[in-house]
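Structural characterization, general
As a plain string of letters, each chain reads:
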Amino acid sequence: MNSPTVFADNKGSIDVQLTPDEALALTGVEFNGNHKIKTEAQRKIRNAFEKTFELDK
């Protein structure tokens, strides 16, 4: 179950390296039904977020 998390300082940043296709997929561009591109981009963002804010502890 996902629950909203509120951070006191919303001005932080997270650095994630995406391929051009991954970035486009996050904007809604479809790649002939290949959802793996979007899924990989989302995984990279989630991992960077968890690493930055140490949510896995």
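Residues numbered from 1 in each chain as written. Predicted model: local features only at pLDDT ≥ 70, side-chain atom pairs only at ≥ 80, totals over all residues. Heavy atoms only, no water.

Let's shift gears to the overall build of the protein. Helices and strands together make up the secondary structure of the protein, namely 2 helices and 0 strands. A buried classification covers 9% of the 57 residues belonging to the protein. In the protein, of all internal contacts separated by at least 6 residues, the share reaching a separation of at least 24 is 42%. For the protein, the accessible surface area stands at approximately 5200 Å², while carbon and sulfur atoms represent 51% of it. (Helix = DSSP H or I, 4+ residues; strand = E, 2+ residues; numbered from the N terminus. Buried < 20%, exposed > 50% of the residue type's maximum accessible area, 1.4 Å probe, protein only. Contact = heavy atoms within 4.5 Å. Areas by Shrake-Rupley, 256 points an atom, 1.4 Å probe, with all protein chains shown as cover.)

Let us look at a nonpolar patch on the surface. There is a patch of nonpolar side chains on the surface, built from Leu18, Leu26 and Ile45 and spanning about 200 Å² of accessible area. As for its position among the elements, Leu26 is in helix 1 (residues 20-26). (Patch = residues over 30% accessible without salt bridge, like charges linked within 9 Å, V, L, I, M, F, W, Y side chains within 5 Å. Salt bridge = Lys/Arg side-chain N within 4 Å of Asp/Glu carboxyl O.)

Locating Lys51 in the fold gives a position in helix 2 (residues 36-53). C-alpha separation for the pair Lys51 and Ile14, spaced 37 residues apart in sequence, amounts to 9.4 Å.

By the secondary structure assignment, Gln17 is in the segment before helix 1. Residue classification places Gln17 among the exposed residues on the basis of a relative accessible area of 72%. Excluding anything up to four places from it in sequence, Gln17 contacts Glu22 and Lys44.

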